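Architecture and fold: a report
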Amino acid sequence: GEDVEQSLFLSVREGDSSVINCTYTDSSSTYLYWYKQEPGAGLQLLTYIFSNMDMKQDQRLTVLLNKKDKHLSLRIADTQTGDSAIYFCAERAGANNLFFGTGTRLTVIP
Amino acid sequence: GAVVSQHPSRVICKSGTSVKIECRSLDFQATTMFWYRQFPKQSLMLMATSNEGSKATYEQGVEKDKFLINHASLTLSTLTVTSAHPEDSSFYICSARLGQDIYEQYFGPGTRLTVT
């Protein structure tokens, strides 16, 4: 079955770049997503990338996809304290299903 | 952007009672909505897929008689936890898909259910 893995914790200093990594197993994934979850809240879609793309940039966010290695990363430039949250990667496999990673808790140190 | 709301945001109920959670897409029509469950410090687990006008599709291990899903309109899906027990306490999150060809799901803010 599908397996999406992330490291559980990441700490960075304010102003530095954060890189959150994700690996997945399903080579048929069509879309890959990054979501942000703040404490006690639902998920906010940050960005997504289609599987035929290598990179997508949106303001401070850069998504890199290495389809050969099934590796996805999210880079947040100039990380701010408001970026502290849990970040989930997710892959779409099939028409309806999203499979979520375990989530990476990003802590930004002032 | 697409907004999905959930109501209530937090509910405490007694064991044996039933609780209904509403999920609404506020500014778009959603033919498909999804219900997830999230345990503390864990990822989301898909419970069921709700299609407007038809029966929900449940994931393996999810009791359909316990978690009743109704998708009565293109903007509303409800999840009813029947005869709730303390182990049903969790954070329930719904999402709605925007159209058939746009692979984006928009998530609600979640409902925290505590069963005493």
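Check the entry above for the structure.
Described below are features of the structure shown in this document.

Definitions and limits used
Residues numbered from 1 in each chain as written. Chains lettered and ligands numbered in written order. Predicted model: local features only at pLDDT ≥ 70, side-chain atom pairs only at ≥ 80, totals over all residues. Heavy atoms only, no water. Pairing = 2+ DSSP bridges. Helix = DSSP H or I, 4+ residues; strand = E, 2+ residues; numbered from the N terminus. Axes fitted to C-alpha atoms, helices over the stretch in contact; angles between N-to-C directions. Contact = heavy atoms within 4.5 Å. Buried area = accessible area lost by both parts, 1.4 Å probe. Nonpolar A, V, L, I, M, F, W, Y, C, P; charged D, E, K, R; others polar. Buried < 20%, exposed > 50% of the residue type's maximum accessible area, 1.4 Å probe, protein only.

**A few points about the pairing of strand β5 (residues 43-50) of chain A**
As paired elements, strand β4 (residues 31-37) of chain A and β5(A) share seven bridges and run antiparallel to each other. Residue pairing across strands places Y35(A) opposite L45(A), the latter belonging to β5(A).

**Comments concerning the sheet that holds strand β3 (residues 19-25) of chain B**
Residues and elements named next belong to chain B. Across the sheet, which stays open at both edges, the four strands sit in the order β1-β3-β8-β7 with antiparallel pairing between neighbours. Both outer strands of the open sheet, β1 (4-7) and β7 (67-73), are each paired with one neighbouring strand and no more. Sheet twist, expressed as the mean angle between neighbouring strand axes with direction ignored, is 15°. Two strands pair when backbone bridges link them, and β7 and strand β8 (residues 76-81) are joined in this way by five bridges, in the antiparallel orientation. What sits directly across from F67, in β8, is V81.

**Things to note about the interface of chain B and chain A**
On the side of chain A, 19 residues touch chain B, which itself brings 20 residues to the contact. Summing the contributions of chain B and of chain A, the shared interface buries around 1,500 Å²; its carbon and sulfur component is 53%. Secondary-structure elements contributing two or more residues to the side of chain B that touches chain A are β4 (32-38), β5 (44-51), β9 (90-97) and β10 (105-107) of chain B. Sort the elements by how many residues they give to the side of chain B that touches chain A and β4(B) lands first, with four residues. Each residue belonging to the side of chain B that touches chain A can be placed in one class, and the counts come to nine nonpolar, eight polar and three charged.

**Considerations on the environment of F100(A)**
Note that F100(A) resides in strand β10 (residues 97-100). In this structure F100(A) comes out as buried when scored by relative accessible area, which is 10%. Here F100(A) is in contact with V4(A), Y35(A), L43(A), F88(A), C89(A), A90(A), Y36(B), S43(B), L44(B) and F107(B), once residues within four sequence places are set aside.

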